[in-house]
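In case you want the letters, here they are:
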Amino acid sequence: MTGPWDFIVTNAKGNVPFVIEANLVQDHHGNISSTASVTATGPAGNVFDLFFFGGSISTVYAFGVDYLGFTCTGSDSGDRSITGTVNSSNQVTLNQNLGGTGFVTITGTLNNSATPPFSGTLSSCGGTGSPSVIGLYPASLFTGTYSGTSAADNTETISVDITNTNGALTGTGTDSKLGSFTLTGNAVGDALSATLTYSSNHGSSGPVYGYFDPRLGGGGSLMLINFKGANTTSCSTGIGPYNGACELATLARQ
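Below you will find a few notes about this structure. (Residues numbered from 1 in each chain as written. Predicted model: local features only at pLDDT ≥ 70, side-chain atom pairs only at ≥ 80, totals over all residues. Heavy atoms only, no water.)

**So, the state of the cysteines**
(1) Moving on: Tallied over the full model, the rule gives 1 disulfide.
(2) Moving on: Through a disulfide, C235 is tied to C246; the S-S separation comes to 2.0 Å. Handedness here is read from the sign of the S-S torsion; for C235 and C246, about -85°, the answer is left-handed. Taken as a pair, C235 in the loop between β19 (221–227) and β20 (245–253) and C246 in strand β20 lie far apart in primary sequence, 11 residues in all. Here C235 matches C246 in class, with each residue buried. (Disulfide = S-S within 2.5 Å. Helix = DSSP H or I, 4+ residues; strand = E, 2+ residues; numbered from the N terminus. Buried < 20%, exposed > 50% of the residue type's maximum accessible area, 1.4 Å probe, protein only.)

Structure follows, in structure tokens:
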């Protein structure tokens, strides 16, 4: 199980599809771990929970991120780490901490020669329905060129070249209205956390979260958001908020 994973959860409470992106480590005893946390400004570390809007995993038009206080228990320490095991029969159990007072538990079977390589079920403290889980190897390690338009202005074109070096992301890009920028950050499964730094429009610089969805566009697309916080009621882009997130752009992989 060592490596980046994209766990897709469907049929969960409210029928809102979501993903658990994780960079997992497995020792030679079959113990699995990954450290992560959330704050009021969003997730950090090696596990990200993302919640999709659009009705299904293949028709996503926006997503939001996990944050401090977004639990079903009411109490939240911010811990989102994963611990678990895989046994000699390839049966896997993963427990994600929900702030110290609850867990999301995923159970299933690992089969590296199958598609998907992991399948199972999920239970949680706020769970109803019959959530199912598939685990995929990331569809993109982000290295490549992405281009598209701003979510708020379809005349504003954006292009960025990204390189992934052992999970560390760097990139350079151009925005037809805001100018050139750099990207630095980290990959977690099919998600990323990064900072955009504009060379001239410094007020537009800041943190972003992204998710690569292979189902959007012919070669997949990178969706970018800016998380504004749980109490956000409007976005300067006019797109959102979705669970506190303002949509920035959807960029197709070239």
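**Considerations on the pairing of strand β2 (residues 18–26)**
(1) Moving on: Most of β2 sits out of view: 7 of its 9 residues are buried.
(2) Moving on: Pairing analysis gives 7 bridges linking strand β1 (residues 3–10) to β2, with the strands arranged antiparallel. Across the sheet, residue G3 finds its bridge partner in β2, namely L24.
(3) Moving on: Two elements, β2 and strand β6 (residues 47–53), share 5 bridges in a ladder whose sense is antiparallel. (Pairing = 2+ DSSP bridges.)

**Concerning the nonpolar core**
(1) Moving on: Counting residues in hydrophobic clusters, the biggest one holds 24 residues, and the most contacted among them are M1, F7 and I20.
(2) Moving on: Sorting the residues of this core by element identifies β1, β2, β6, β8 (82–86), β9 (91–97), β10 (103–110) and β11 (118–123) as the ones contributing at least two each.
(3) Moving on: Considering each element in turn, this core owes the most residues, 4 residues, to β2.
(4) Moving on: Among all residues touching M1, those that are not within four sequence positions of it are F7, L24, Q26, I32, V92, L94 and L110. (Core = buried A, V, L, I, M, F, W, Y, C linked by side-chain atoms within 4.5 Å. Contact = heavy atoms within 4.5 Å.)

**Considerations on the pattern of salt bridges**
(1) Moving on: Tallying each qualifying case throughout the model produces 4 salt bridges.
(2) Moving on: For the salt bridge of R80 with D66, the shortest nitrogen-to-oxygen distance reads 2.6 Å. With R80 in the loop between β7 (62–65) and β8 and D66 in the loop between β7 and β8, the pair connects residues that are 14 residues apart, well separated along the chain.
(3) Moving on: A residue is classified by how much of its surface remains accessible, and R80, at 1% relative accessible area, is buried.
(4) Moving on: With a relative accessible area of 2%, D66 lands in the buried category. (Salt bridge = Lys/Arg side-chain N within 4 Å of Asp/Glu carboxyl O.)

**Here's the deal with the pairing of strand β14 (residues 157–165)**
(1) Moving on: Burial of the side chains of β14 is restricted to one face: I158, V160, I162 and N164 are buried, whereas none of T157, S159, D161, T163 and T165 on the reverse face is.
(2) Moving on: Where strand β13 (residues 144–150) lies against β14, 6 bridges are found, and the strand directions are antiparallel. Residue pairing in the sheet places T145 in a bridge with D161 of β14.
(3) Moving on: A loop of 6 residues connects β13 with β14, the two strands running antiparallel in sequence.
(4) Moving on: Sheet analysis places β14 next to strand β15 (residues 168–175), joined by 8 bridges and oriented antiparallel. Each residue of the ladder has a partner; that of T163, found in β15, is T170.
(5) Moving on: As consecutive antiparallel partners, β14 and β15 are separated by 2 residues, and within that stretch N166 has a phi angle of approximately 55°, a positive value.

**A few points about the sheet that holds β15**
(1) Moving on: With antiparallel pairing, the 8 strands of this closed barrel are ordered in space as β13-β14-β15-β16-β17-β18-β19-β20. Between one strand axis and the next, the sheet turns by 30° as a mean value, whatever way the strands run. (Axes fitted to C-alpha atoms, helices over the stretch in contact; angles between N-to-C directions.)

**Examining the environment of P17**
(1) Moving on: Checked against the element boundaries, P17 lands in the loop between β1 and β2.
(2) Moving on: On the basis of relative accessibility, which here comes to 7%, the residue P17 falls in the buried class.
(3) Moving on: Taking the C-alpha atoms as reference points, P17 and T157, separated by 140 residues in sequence, lie 29 Å from one another.
(4) Moving on: Apart from the residues within four sequence positions on either side, P17 is in contact with V9, F51, F52, S56 and I57.

**Some remarks on the side chain of N226**
(1) Moving on: Structurally, N226 can be placed in strand β19.
(2) Moving on: Relative accessible area serves as the criterion here: at 14%, N226 is assigned to the buried category.
(3) Moving on: In this structure the side chain of N226 is engaged in a polar contact, spanning 3.0 Å, whose partner is the backbone oxygen of P207.
(4) Moving on: Excluding residues within four positions of it along the chain, N226 makes contact with P207, G244, A245, C246 and L248. (Polar contact = N/O pair within 3.5 Å; in protein donor to acceptor, adjacent residues only side chain to side chain.)

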